[in-house]
4 protein chains.
Amino acid sequence: MKKREEPPREEGPLRADAARNRERVLAVARELLASGDASLQMNQIARAAGVGVGTVYRHFPTRQDLLEALVNEHLQALLDQARAAEEAEDARLGLRRFLRAVLDLLLADVGLAEVLNAQRDAHTQTSRLKAELFAANDRLLKRAHRAGLVRAEIGADDIQRLMCGIEHAVRIGEDRRALAERYLTILLDGLRPA
Amino acid sequence: MKKREEPPREEGPLRADAARNRERVLAVARELLASGDASLQMNQIARAAGVGVGTVYRHFPTRQDLLEALVNEHLQALLDQARAAEEAEDARLGLRRFLRAVLDLLLADVGLAEVLNAQRDAHTQTSRLKAELFAANDRLLKRAHRAGLVRAEIGADDIQRLMCGIEHAVRIGEDRRALAERYLTILLDGLRPA
Amino acid sequence: MKKREEPPREEGPLRADAARNRERVLAVARELLASGDASLQMNQIARAAGVGVGTVYRHFPTRQDLLEALVNEHLQALLDQARAAEEAEDARLGLRRFLRAVLDLLLADVGLAEVLNAQRDAHTQTSRLKAELFAANDRLLKRAHRAGLVRAEIGADDIQRLMCGIEHAVRIGEDRRALAERYLTILLDGLRPA
Amino acid sequence: MKKREEPPREEGPLRADAARNRERVLAVARELLASGDASLQMNQIARAAGVGVGTVYRHFPTRQDLLEALVNEHLQALLDQARAAEEAEDARLGLRRFLRAVLDLLLADVGLAEVLNAQRDAHTQTSRLKAELFAANDRLLKRAHRAGLVRAEIGADDIQRLMCGIEHAVRIGEDRRALAERYLTILLDGLRPA
DNA sequence: GATGAATGAGCATTCATTCAT
DNA sequence: AATGAATGAATGCTCATTCAT
């Protein structure tokens, strides 16, 4: 929780070895998240990355910092997908593709949902990405409303929550690929105006 | 993890004071689950209940024992609801009422989903209740299939997973009452044959 | 450690059921000692004996009380053996038989050595038995000295210690019967005047 | 019981402060063993050494690790003594000196007997030392057999057990120095062919 | 910057002993 | 007398975080 008392250095480019360590830590953490272990224990990560704990703490003072660093790549990826979806000819297909991408990433990265649902972010970049994603999501949704694909009372926040719910449902089961497809279909059908 | 070597004594009625303590422990644990804390730490519970740790362990040798004791009441309640739903005139209404009850209980008791999704149970009673609930769920679902309310490929296990997912979605949001209603509607609409 | 505040009842005969319980506790404890478990945990004993812990404590306020109650029978048995050995024609044979009996009982009852080597006893009876045993041991030894079987500087306390040592050596090995015989022979040969 | 998952890192020389702490822990543990307390409780040791529990665990993940670390020095010392004894002119004197050394160390270190008699070791080094010691013991014994000093049926394992037994006998008494000498003499005399 | 040893609070669990029933 | 529920100190062990090297 404590902030470093160092001069708030200006985000200059890291020294080569520092950058290498940072990447190693991120890579290891990513694997752990992907394997379903969301505990992100600093010592464990340090050991697996072959660096000292101190190094992990230097790059990521809190678990939240690390988590956001990992997740932000995925947030950016989602943002790209959302923008691509906006370009899509078919509103329905665009929406579905986007939501499928969301679902896949939520399943691949246990940390993503955690960050998405967090009330506060450690980094403004995270907040910015989340806001942009939300906005894109909202635009897609507005288009879907206009196309009669989604009932009026559903907002982007509902979509976000429902996607996290679907992820949960899929995660509980065995055959994730099949369930993802099945439950997404149910969701999209259910969203249509009655 | 170690099991007590005590003979599986015949569970006669508890002494008055023992029963009082047991209830106090359960009450405290229930509150914790309701508040969203599913960690169920023995020391914490003992402190909050105003009893010694040993007392908690006497009544519930493992966290799992305690968890199942709490959840079994709710499983039984759900079972009753499921049976009532089977009696309902209207298949659609019966199903909806039942699922709403499931959702409410899942929201009120974070332990419920945990037990429901656990592969193994500590007590046979838990397994029995889960099996009976599943069976009732399955009967309700069969009836819904026949009534054309639910698409054919959806099984009782899907329902169980989807309900856990919906719970998750609702829990993330603010106004649980409204969201529960809204998302349940979406689910039921989505489940209908295309 | 605390003594009961009850009137120091005059050791009147126990009520029939009390006597039965006392025997059950002793029987269970005996088995535990024989099985090599010298921990004598009150709860464990109570459970195995089918009585409440309180009952065990009533009969044997401390672990030491219980231990001595168990061991005293064996001390008495040894005393009988020692007296029989004193009657024996052959000093050497008498001594050997006695020491063999000591060894067998030490092996059969892990508590025996503990009591034998304790500095203080809980019951005067134990002290009396130990003293009598020591005296008998001493008489046997004196006779052995006169018969030139044991070197002069060896006292009854040495014998006691050496027997506990031999017991230990035998206990470490596998084939207790064979080792007991072998090591006892070595001891007796070693004790002879140089 | 759980083993650390750390890579079996190459045991480079410790940092100065780490080495100091390690030694402090070992010193405290040594004293405890010497005082006859073989329980080696981690918290107790940490407190007495003036370090945190974690430090003890870092250096010695299990009680067994600590125990073997302490004992291995003594095993090595014994091995040296055994080899010196093999060089001795006089077989009898060599054997006696060696056994005396064994006895002294067993008395000075309650852990030694425990490790010596353990079926399994945590470290291969311990197993190696034990095996080498046993082999040296065996060679000394063979030489004693040839010199007519020890009866044929006695093996190195008997010697090991008997030494533990003698240690026990000495430990029970008061004047350890005198008893060690006395009982060792009895043992050696007793071992001679009849 | 990097390291990793050290710290100690915190949770799990056991067991000797007391005392209300 | 008997019961066994309750107690809580004691011990084991983990892990997030700090800081000397």
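My aim in this report is to walk through the structure given alongside it, one point at a time. Throughout, residues of each chain are indexed from 1 in the direction in which the sequence is written. Here the convention is simple: chains get letters from A, ligands get numbers from 1, in the order in which they are written. Residue-level local features of this predicted model are given only where pLDDT is at least 70; pairs of side-chain atoms are given and counted only at 80 or more, and the full residue set underlies all totals for whole chains, interfaces and linings. In computing side-chain values, all of the structure's heavy atoms are included and hydrogens and water are not.

**Regarding the protein's contact with DNA strand F**
Filter applied, for reference: Nearness is defined per residue: one heavy atom within 4 Å of the molecule or strand is enough. Under the rule applied, a polar contact is a pair of N or O atoms within 3.5 Å (in protein, one hydrogen donor and one hydrogen acceptor; residues adjacent in sequence only if both atoms are side-chain atoms). Helical segments are the DSSP runs of H or I of at least four residues, strand segments are the runs of E of at least two, and each set is numbered from the N terminus. Classification convention: Asp, Glu, Lys, Arg as charged; Ala, Val, Leu, Ile, Met, Phe, Trp, Tyr, Cys, Pro as nonpolar; all other residues, Gly among them, as polar.
Within the structure, DNA strand F sits among 33 residues, and Asn21(B), Thr55(B), Arg58(B), His59(B) and Thr55(C) are positioned closest to it. A breakdown of the atoms of DNA strand F within 4 Å of the protein gives sugar and phosphate a share of 67%. In this structure, a phosphate oxygen belonging to DNA strand F sits 3.2 Å away from a side-chain N or O atom of Asn21(C). A distance of 3.0 Å separates a phosphate oxygen of DNA strand F from a polar side-chain atom of Tyr57(D). Elements represented by at least two residues in the surface near DNA strand F include exactly helix 2 (42-49) and helix 3 (53-59) of chain A, helix 1 (16-34) and helix 3 (53-59) of chain B, helix 1 (16-34) and helix 3 (53-59) of chain C together with helix 2 (42-49) of chain D. The residue inventory of the surface near DNA strand F, partitioned by class, reads 12 nonpolar, 14 polar and 7 charged.

**Some details on the pattern of salt bridges**
As a reminder, the rule being used: Salt bridge, as used here, is a side-chain nitrogen of Lys or Arg placed within 4 Å of a carboxyl oxygen of Asp or Glu. Using a 1.4 Å probe on the protein chains alone, a residue whose accessible area is under 20% of its type maximum counts as buried, one over 50% counts as exposed, and one in between counts as partly exposed.
For the coordinates displayed, the defined rule picks out 64 salt bridges over all chains. Its salt-bridge partner being Asp189(A), residue Arg92(A) comes within 3.8 Å of it at the nearest N-O pair. Here Asp189(A) lies in helix 9 (residues 176-191) and Arg92(A) lies in helix 5 (residues 91-108), a separation of 97 residues in the sequence. One salt bridge in this structure joins Asp158(A) and Arg182(B), with 2.7 Å as the shortest N-O distance. Taken together, the positions of Asp158(A) in helix 8 (residues 156-172) and Arg182(B) in helix 9 (residues 176-191) put the pair across two chains. Residue class for Asp158(A) comes out buried when judged on its relative accessible area of 2%. Connected via shared salt-bridge partners are Arg92(A), Asp189(A), Arg192(A) and Arg151(B).

**Concerning the protein's contact with DNA strand E**
Near DNA strand E, the surroundings consist of 35 residues, among which Thr55(A), Asn21(D), Thr55(D), Arg58(D) and His59(D) are the closest. Considering the 4 Å shell around the protein, atoms of DNA strand E inside it are sugar or phosphate in 67% of instances. One nitrogen or oxygen atom from the side chain of Tyr57(B) is found 3.2 Å from a phosphate oxygen belonging to DNA strand E. Asp17(D) has a polar backbone atom sitting 3.4 Å from a phosphate oxygen of DNA strand E. Of all the secondary-structure elements, those providing two or more residues to the surface near DNA strand E are helix 1 (16-34) and helix 3 of chain A, helix 2 (42-49) and helix 3 of chain B, helix 2 (42-49) and helix 3 of chain C together with helix 1 (16-34) and helix 3 (53-59) of chain D. The residue inventory of the surface near DNA strand E, partitioned by class, reads 13 nonpolar, 14 polar and 8 charged.

**So, the arrangement of the chains**
What counts here: Only heavy atoms matter for contacts: two residues are in contact if any of them lie within 4.5 Å across the pair.
Over all C-alpha pairs, chain A and chain C never come within contact, reaching a minimum spacing of 39 Å. With no contact between them, chain B and chain D keep their nearest C-alpha atoms 13 Å apart.

**Points about unusual backbone geometry**
Phi is positive for Leu40(B), close to 45°, though the residue is something other than glycine. Here Leu40(B) is to be found in the loop between helix 1 and helix 2.

**Some thoughts on the interface of chain C and chain D**
The condition is simple: Once two parts are put together, the accessible area they lose, assessed with a 1.4 Å probe and summed over both, is termed the buried area.
Taken together, the contacts link 24 residues of chain C with 24 residues of chain D. The junction of chain C with chain D conceals about 2,000 Å² of combined surface from both sides, 65% of it contributed by carbon and sulfur atoms. Seen at the junction of chain C and chain D, the total is 10 residue pairs in polar contact (both at pLDDT 80 or more). Broken down by secondary-structure element, the contributors of at least two residues to the side of chain C that touches chain D are helix 8 (156-172) and helix 9 (176-191) of chain C.

**Some points on the relation of the copies chain C and chain D**
Stated formally: All copies are superposed by least squares; the fitting set is the C-alpha atoms of residues with a pLDDT of at least 70 in both.
Expressed as a screw transformation, the operator carrying chain C onto chain D has a rotation angle of 177° and an axial translation of 0.1 Å, and the superposed copies differ by an RMSD of 0.5 Å. In symmetry terms, the pair is related by a two-fold rotation axis. In this assembly the copies share their binding face: 100% of the residues contributing to the interface of chain C also contribute to that of chain D.

**Concerning the side chain of His74(A)**
Mapping His74(A) onto the fold places it in helix 4 (residues 63-87). His74(A) has contacts with Leu105(A), Asp109(A) and Leu112(A), leaving out every residue within four places of it along the chain.

**So, the packing of helix 1 of chain A against helix 4 of chain A**
The relative placement of two packed helices is expressed as an angle between their axes plus a distance between the axes. Residue and element names in this part refer to chain A. Just so we agree on the cut-off: Note on method: axes are straight lines fitted to C-alpha atoms, helices fitted across the in-contact stretch only, with angles between N-to-C directions ranging 0 to 180 degrees. Angles below 35 degrees are treated as roughly parallel, those above 145 as roughly antiparallel, those between 65 and 115 as roughly perpendicular, and all remaining angles as oblique.
Relative to each other, helix 1 and helix 4 sit at 80°, their axes nearing to 10 Å. As judged from the angle between their axes, helix 1 and helix 4 are roughly perpendicular. Of the residues in helix 4, those in contact with Val 25, Leu 26, Ala 29, Arg 30 and Leu 33 of helix 1 are Leu 66, Leu 67, Ala 69, Leu 70 and Glu 73. Grouping the amino acids of the contact of helix 1 with helix 4 by side-chain chemistry returns 8 nonpolar, no polar and 2 charged.

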